[in-house]
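In case you want the letters, here they are:
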Amino acid sequence: MKLIAAVAQTATVLFDTAATVAKAESLMAEAAARGARVLVFPEAFIGGYPKGADFHIFIGARTPEGRQDFKKYYDAAVTLDGPEIAQLAQAAGQHQLHVCIGIIERDGGTLYCTAVYLGPDGSVLGHHRKLMPTALERLVWGQGDGSTLRAVDTPYGKLGAVICWENYMPALRMAMYQQRVALYCAPTADDRDTWISTLQHIAMEGRCFVLSSCQHLRRAQFPMDAMHNRLPEAPDTVLMRGGSCIIGPLGQVLAGPVYGEDALLTAEIDLDDIARAQMDFDPVGHYARPDVFQLAVNTAPQHAVLAAPGATAQI
């Protein structure tokens, strides 16, 4: 089976969630017009990736200014059952697309870096919360749990997302391979040259198609008066240069990488290439050694408060 896959490379409209949703809808329409059936957006596209922000966080201290920055960021986030996700799902249905889109998810007082899966029937198929935020991300994003590791079914095989540096977690990759992910989405904020070699390794290791999307974000789109930013103030300073691409299951680059500009990349992919690639390597099949190595994955939701067995009181 052949289909056209697409990845979007562009920036969030910072602190204007409605405008960012509209931008996503426009890109869905463009991708569909080019024949795409699958579209991947960058990490934290709805809500924004605050590249260069520090939220005035110090060990042992916070500041009122930093709390105000966080409140602004919190207000730009969305809920899974909110109108923004419903609007995006409707657009995916209108354009008959499977979509993986990065959001900043608000749940109570916690923000999560989340990938949401939307279906061509206009439904929300599922979501994945980033398990391990990196470095300062940990101070503004919560950690996901294993309950959101499940990939979703599509007519083209399983589709699942592993977000940014989660891709450096070997056990997480194996958990995805075990589900036979065919369309491995890697929304990211990593725009380094080394990211491409990482994606090629994953494609070859998992014998899957890898679709990676990163923002193209310049300093003028993240002005100091919007939020304190430690990076240079010249308007043309590139905060994220992109590098979005599509990789085949033998590591071949099918589209991209593109740097320094907005882009909508597409590639025709042949899903039969997966079986051809698995002839000599299947990481959870004939090339596995479960007698030596086994992986246990806890997929139970984790809750801070549990009702005692047999309790009748509502919590």
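Refer to the structure above for everything that follows.
Described below are features of the structure shown in this document. Within each chain, residues carry numbers counting from 1 in the order of the written sequence. Per-residue local features are limited, in this predicted model, to residues with pLDDT of at least 70; the limit for side-chain atom pairs, both in listing and counting, is 80 or more; totals at the level of whole chains, interfaces and linings are taken over all residues. With hydrogens and water set aside, each side-chain value is computed from the structure's full complement of heavy atoms.

## Thoughts on the layout of surface pockets
Thinking step 1. Its volume calculated, the largest pocket comes out at about 540 Å³.
Thinking step 2. Put simply, the grid is 1 Å and covers the protein atoms alone, a cavity is a trapped set of points that fit a 1.4 Å probe, a pocket is an open set with protein on both sides within 12 Å along at least five of seven lines, and lining residues have an atom within 4 Å of a point. What lines the largest pocket is a set of 25 residues, among which Met-174, Ala-175, Gln-178, Val-284 and Leu-295 lie closest to the centre.
Thinking step 3. Strands here mean DSSP runs of E at least two residues long; helices mean DSSP runs of H or I at least four residues long; both are numbered from the N terminus. Residue contributions to the lining of the largest pocket peak at seven residues, all from helix H4 (residues 170-178).
Thinking step 4. In this count, Pro and Cys sit with the nonpolar residues alongside Ala, Val, Leu, Ile, Met, Phe, Trp and Tyr, while Asp, Glu, Lys and Arg are called charged and the others, Gly among them, polar. When its residues are assigned to classes, the lining of the largest pocket shows 15 nonpolar, six polar and four charged.
Thinking step 5. Grid points are joined across faces, edges and corners, and a volume is the space filled by probe spheres set on the points. When its volume is computed, the second largest pocket comes out at roughly 420 Å³.
Thinking step 6. Class assignment for the residues of the lining of the second largest pocket results in twelve nonpolar, two polar and six charged.

## Examining the nonpolar core
Thinking step 1. The term nonpolar core refers to a set of buried residues drawn from Ala, Val, Leu, Ile, Met, Phe, Trp, Tyr and Cys, joined through side-chain atoms within 4.5 Å. Burial classes follow relative accessibility: with a 1.4 Å probe on protein chains only, a residue under 20% of its type's maximum area counts as buried, one over 50% as exposed, and anything between as partly exposed. Grouped together as the largest cluster of nonpolar side chains are 48 residues, with contacts concentrated most on Trp-141, Leu-183, Leu-211, Ile-246, Ile-269 and Leu-271.
Thinking step 2. Note on contacts: a residue pair qualifies if any of its non-hydrogen atoms lie within 4.5 Å across the two residues. Sequence-distant contacts of Leu-271, defined by excluding residues within four places in its chain, comprise Met-1, Leu-3, Tyr-156, Leu-183 and Phe-209.
Thinking step 3. Residues Ala-24, Met-28, Phe-45 and Val-116 belong to the second largest nonpolar core, which totals 25 residues.

## Regarding the pattern of salt bridges
Thinking step 1. Salt bridges are identified by distance alone: a Lys or Arg side-chain nitrogen within 4 Å of an Asp or Glu carboxyl oxygen. This model, assessed by the stated rule, comprises 15 salt bridges.
Thinking step 2. A salt bridge links Arg-192 to Asp-190; its shortest N-O distance comes to 2.8 Å.
Thinking step 3. The salt bridge partner of Arg-276 is Asp-270, with a shortest N-O separation of 2.9 Å.

## Description of the pairing of strand S8 (residues 209-214)
Consecutive side chains along a regular strand alternate between the two faces of the sheet.
Thinking step 1. Burial of S8 is extensive: six of the six residues sit out of reach of the surface.
Thinking step 2. What you see with S8 is no split at all: Phe-209, Leu-211 and Ser-213 on one side and Val-210, Ser-212 and Cys-214 on the other are buried throughout.
Thinking step 3. Should DSSP find at least two bridges between two strands, the strands are taken to pair. Where strand S7 (residues 181-188) and S8 come together, six bridges link them in parallel fashion. When the bridges of S8 are listed, Leu-183 appears paired with Phe-209.
Thinking step 4. Here the term right-handed applies to a crossover when the path leading from its first strand over the helix to its second strand runs clockwise, the strands being oriented away from the viewer. For the crossover that starts at S7, traverses helix H5 (residues 194-206) and ends in the parallel S8, the hand is right-handed.
Thinking step 5. Sheet topology places S8 next to strand S10 (residues 238-247); three bridges connect them, and they run antiparallel. Counted as the bridge partner of Ser-212 is Cys-245 from S10.

## Observations regarding helix H3 (residues 83-94)
Thinking step 1. Expected helix span is computed as 1.5 Å times (number of residues minus one). In a regular helix each residue adds 1.5 Å, so twelve residues correspond to 16 Å; H3 covers 16 Å between its end C-alpha atoms and thus fits that length.
Thinking step 2. Gln-96 sits one or two residues past H3 and shows a positive phi near 55 degrees.

## Focus: the sheet that holds strand S2 (residues 36-40)
Thinking step 1. Across the sheet, which stays open at both edges, the six strands sit in the order S5-S4-S3-S2-S1-S12 with mixed pairing between neighbours. Sheet topology places strand S5 (124-129) and strand S12 (263-270) at the edges, where each strand pairs with a single neighbour. For this sheet, the mean inter-axis angle between neighbouring strands, taken without regard to orientation, is 30 degrees.
Thinking step 2. Here nine bridges tie strand S3 (residues 98-107) to strand S4 (residues 110-118), and the two strands are oriented antiparallel to one another. Paired with Ile-104 across the strands is Cys-113, a residue of S4.
Thinking step 3. Whenever a helix is involved, its axis is fitted only over the stretch in contact; in every case the axis is a line through C-alpha atoms, and angles between N-to-C directions fall within 0 to 180 degrees. Those strands touched by H3 are S3, S4 and S5, and its axis lies near 15 degrees from that of S4.

## Some details on the packing of helix H1 (residues 17-33) against H3
Thinking step 1. One way to put it is that H1 packs onto H3 with a least axis distance of 10 Å and a crossing angle of 10 degrees. Relative to H3, the element H1 is oriented roughly parallel. Facing Thr-17, Val-21, Ala-24, Glu-25 and Met-28 of H1, the residues of H3 in contact are Glu-84, Gln-87, Leu-88, Ala-91 and Ala-92. Convention used here: angles under 35 degrees read as roughly parallel, angles over 145 as roughly antiparallel, angles from 65 to 115 as roughly perpendicular, and any remaining angle as oblique.

## Describing empty space enclosed by the protein
Thinking step 1. Here the structure, examined in full by the defined rule, presents one cavity of 30 Å³ or more.
Thinking step 2. Lining of the largest cavity is provided by Thr-12, Leu-14, Gly-48, Tyr-49, Gln-215, Leu-217, Gln-221 and Phe-222.
Thinking step 3. Class assignment of the residues belonging to the lining of the largest cavity gives a composition of four nonpolar, four polar and no charged.

## Some words on the packing of aromatic side chains
Centre-to-centre distance and the angle between the planes together describe a pair of aromatic rings.
Thinking step 1. Working definition: a ring pair exists when centres of Phe, Tyr or Trp rings (six-membered ring for Trp) sit within 6.5 Å. Plane angles under 30 degrees give stacked, over 60 give edge-to-face, the rest tilted. Scanning all chains against the criterion turns up nine aromatic pairs.
Thinking step 2. Measuring from ring centre to ring centre gives 6.4 Å for Phe-55 and Phe-70, while their planes differ by 65 degrees; the resulting arrangement is edge-to-face. You can see Phe-55 sitting in the loop between S2 and helix H2 (64-76) and its partner Phe-70 sitting in helix H2, a full 15 residues away along the chain.
Thinking step 3. Under the relative-accessibility criterion, Phe-55 is labelled buried at 4%.
Thinking step 4. Ring centres of Tyr-177 and Tyr-184 lie 6.4 Å apart, and the angle between their planes is 40 degrees; this geometry places the pair in the tilted category. In terms of burial, Tyr-177 and Tyr-184 fall into one category: buried.

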